[in-house]
Amino acid sequence: MHRSVNKKKRLFPLAAVSLSAALLYSGLYGGTAVRAEAATAPAASSSANANKAFLQNQYKIELPAAPTKGEFIQDVAKALKLGGTFAGENRFNDLKPEDPAYAAAQALAEKGVLSGGTLQVAAPLTEDAAVYIALKAADLKELAYTYPEAKIKPALRKLGIDYPGNPKLSQQAAQELAAAVDTGLLPAAWHSSFGLGDAASGDFAADLLGSVLSFKGAYKHTIGSVADADIFAKLYQAYQTQDLIQVKELQAVVDEALKQNLITGYNLKDSRFSANFDPKLSLTYGHDDITHAVQLIGLLRSEGLNAKVQLEPKTSAFVYLKEWGEPKQTDSYKVVQIENGNYIAYAKEYDIAFEFDAAEQKAKFQDVISQYAKKNSEDAKGLIASSWWQPLYYSLTPIDAYKEISNNKLTEGHYYAQTFSLSDKTAEIASGLQKIRPDAKVESYRFWVDEPFYNYLLGGYK
């Protein structure tokens, strides 16, 4: 938090408090290039459960216990955000425009994932057919077609398949299957049970879809885990290598909302860095001091809590009053003067997303913060660096002792602006934003925040 203006920020009205440095919790992440976490796991059942939850949460995909080929095709297209209507030439002689898989199949054919001819969408999905589709969807086919026999044989041996000489495998199919094994697209947990022509289960399909999304950079994004030895270095790298987010078209709307006193602050974020964690297991924590983040990770580790970690880009904006004096500008703190002589300030902070190993650990997080990261007096001791009176952390699912508030979110490409408020102010803010920009798409939703921050929205200092 920017301590130089902290006490002055308390002068702001609280009718529409958002996450901002004006309020106290705004920010930008100084991030690193995110990596897509691999979707594999030691046991098929555990990885499949995680992948099913991810597919449901992020893509509204629910896999049946025994999917058909057509159902898998639709799910692949949905995961790749393809499909919709199709007005081109029908590439399949056994598919009609009214068939549920029609648009998805045509879209995948256009991308080179499916070939024309007979598709047999009503047939059970087989394990090998699922792998062939997944490999092309993951953009691995050129790699596969480099495979000579000398590389195919040891890879297929892991599946209990002899090659060459297997009548069920063409050279191309063998190459695709071998590449799926070597790259991990086909998780090792499935190697021993794999069978050419065997019906694929929903678990098998879920793990393949998770792998496809991982290869496409669309799975969970994380810089590591609390338990990782190098997590502290990664946190610093993540924070130090990002700048303030500036999105002219988006800021024009929310800056005007600031000028009209419709809101008192907002955040700008970049969805390409979104963690995509399981909402039931995850929390998001906001702060501005990277030393605090490092110590927080160490604190969680010392308390036996483990979680995946992601830093998400975030810039905060708030009104800086002219009576506060001439603002000092830095690379991470900028101001722009507005018509009444005040300024709009833009400040770099961060959001840190955690996905805990278990729901019990998520619930325990609050006890840890209350004891070691919440300030209760000016001379408080025994706290980690830069602890706040009102630490900010929230859950997208209900959790005991948390309070419900709301968010109004505007999106422009992969950037978005958001402003947090008490729930009874949501409709007023959404309406006001749309008056400023009639074509704006305002998404409003509720979530659950720690009680100290909720009390701050009510006007409390502690």
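Above this text sits the structure in question.
Just so we're clear, the structure is a prediction, and the values are computed from it rather than from any experiment.

Here the focus is the environment of F232. Tracing the chain through its elements places F232 in helix α10 (residues 231-240). In sequence terms F232 and A293 are 61 residues apart; their C-alpha atoms lie 8.8 Å from each other. Beyond its immediate stretch of four places on either side in the chain, F232 contacts V294, I297, G298 and R301.

Another point: the sheet that holds strand β11 (residues 392-395). Reading across from one edge, β3-β6-β10-β5-β11-β14-β12-β13-β4-β7-β9-β8 is the order of the 12 strands in this open sheet, with antiparallel pairing throughout. At either end of the open sheet lies a strand with only one pairing partner, and these are β3 (224-225) and β8 (333-337). Here β11 pairs with strand β14 (residues 442-449) via 2 bridges, running antiparallel. Within the sheet, the bridge partner assigned to S395 lies in β14 and is W448. Packed onto the sheet, helix α11 (residues 248-259) meets β4 (265-270), β7 (314-320), β9 (343-348), β12 (403-412) and β13 (415-421) and runs at close to 165 degrees relative to β4. The strands touched by helix α14 (residues 426-436) within the sheet are β12, β13 and β14, with β12 carrying the most contacts at an inclination of about 10 degrees.

It is worth spelling out the packing of aromatic side chains at this point. Within this structure, the stated rule accounts for 20 aromatic pairs. Ring plane angle 35 degrees and centroid distance 6.4 Å describe the contact between F194 and F204, whose orientation is recorded as tilted. One end of the pair, F194, is in the loop between α8 (171-183) and α9 (202-215); the other, F204, is in helix α9, and 10 residues separate them in sequence. The exposure class assigned to F204 is buried, which follows from its relative accessible area of 1%. Taken together, the aromatic side chains of Y285, F354, F356, F365, Y393 and Y402 make up a single cluster linked through ring pairs. Between the NZ or CZ atom of K348 and the centre of the ring of Y239, over which it lies, the distance is 4.2 Å. Directly above the ring of Y416 sits K409, whose terminal nitrogen or CZ lies 4.3 Å from the centroid.

In this structure, L114, L156, L169, L177, L186, F194 and F204 are the most contacted members of the largest nonpolar core, which totals 63 residues. Sorting the residues of this core by element identifies α2 (44-59), α3 (69-79), α4 (102-110), α5 (127-137), α7 (149-157), α8 and α9 as the ones contributing at least two each. Ignoring any residue separated from it by four or fewer positions in sequence, one finds L169 in contact with Y132, L156, I161, Y163, A174, L177 and L196. Within the second largest apolar cluster, 42 residues are counted, among which are I223, I405, W448 and L457.

Let's shift gears to the pattern of salt bridges. Overall, the coordinates contain 15 salt bridges when judged by the stated rule. Notably, a salt bridge pairs D230 with K234, separated by 3.4 Å at the nearest N-O pair. For D230, a relative accessible area of 37% translates into the label partly exposed. Between E378 and K375 there is a salt bridge, and its shortest N-O distance comes to 3.6 Å. Taking the relative accessible area as the measure of exposure, E378 reaches 54% and is therefore exposed. A single salt-bridge network, built from bridges that share partners, covers K269, E312, K314 and D351.

Between α7 and α8, the shortest axis-to-axis distance is 8 Å and the interhelical angle comes to 60 degrees. Here the hand of the crossing between α7 and α8 comes out left-handed. The segment α7 lies against α8, with I152, A155 and L156 engaging A174, Q175, L177, A178, V181 and D182. Along the lines of polarity and charge, the residues of the contact of α7 with α8 split into 7 nonpolar, 1 polar and 1 charged.

Its 13 residues place the ends of α8 18 Å apart at the C-alpha level, agreeing with the 18 Å of an ideal helix rising 1.5 Å per residue. Where α8 is buried, its residues meet α5, α6 (141-144) and α7. After α8 finishes, the residue G184 shows a positive phi value of roughly 85 degrees.

What follows covers the pairing of strand β6 (residues 307-312). Burial analysis of β6 places 6 of its 6 residues in the buried class, the great majority of the element. Sheet topology places β3 next to β6; 2 bridges connect them, and they run antiparallel. Of the residues in β6, the one forming a bridge with S225 is K308. Where β6 lies against strand β10 (residues 350-356), 6 bridges are found, and the strand directions are antiparallel. By the bridge assignment for β10, A307 is matched with F356.

This part is about the packing of α3 against α5. Following both chains from N to C, one finds α3 and α5 inclined at 15 degrees, their axes separated by 11 Å at the closest point. By the criterion of interaxial angle, the relationship of α3 to α5 is roughly parallel. The handedness of the crossing between α3 and α5 is right-handed. Where α3 approaches α5, its residues K69, F72, I73 and V76 are matched on the opposing element by A130, I133 and A137.

Attention shifts here to the side chain of H191. Inspection of the secondary structure puts H191 in the loop between α8 and α9. The exposure class of H191 is buried, given its relative accessible area of 11%. At 3.1 Å, the side chain of H191 forms a polar contact with the backbone oxygen of L186. Not counting chain neighbours up to four residues away, the residues in contact with H191 comprise K158, L159, V181 and L186.

To continue, consider α9. For α9, built from 14 residues, the straight-helix expectation of 20 Å at 1.5 Å per residue is met to within 8% by its first-to-last C-alpha distance of 20 Å. What α9 keeps buried is the set G202, F204, A205, A206, D207, L208, L209, G210, S211, V212, L213 and S214. Once α9 ends, the next one or two residues include G217, with phi positive near 75 degrees.

Let us look at the environment of V319. By the secondary structure assignment, V319 is in strand β7. V319 sits 64 residues away from D255 along the chain, and the two C-alpha atoms are 9.2 Å apart.

The rules behind the values
- Residues numbered from 1 in each chain as written.
- Predicted model: local features only at pLDDT ≥ 70, side-chain atom pairs only at ≥ 80, totals over all residues.
- Heavy atoms only, no water.
- Helix = DSSP H or I, 4+ residues; strand = E, 2+ residues; numbered from the N terminus.
- Contact = heavy atoms within 4.5 Å.
- Pairing = 2+ DSSP bridges.
- Axes fitted to C-alpha atoms, helices over the stretch in contact; angles between N-to-C directions.
- Phe/Tyr/Trp six-rings, centres within 6.5 Å; stacked < 30°, edge-to-face > 60°.
- Buried < 20%, exposed > 50% of the residue type's maximum accessible area, 1.4 Å probe, protein only.
- Lys NZ or Arg CZ within 6 Å of the ring centre and 35° of its normal.
- Core = buried A, V, L, I, M, F, W, Y, C linked by side-chain atoms within 4.5 Å.
- Salt bridge = Lys/Arg side-chain N within 4 Å of Asp/Glu carboxyl O.
- Left-handed = near helix turned anticlockwise from the far one by under 90°.
- Nonpolar A, V, L, I, M, F, W, Y, C, P; charged D, E, K, R; others polar.
- Expected span 1.5 Å × (residues − 1).
- Parallel < 35°, antiparallel > 145°, perpendicular 65-115°, else oblique.
- Polar contact = N/O pair within 3.5 Å; in protein donor to acceptor, adjacent residues only side chain to side chain.

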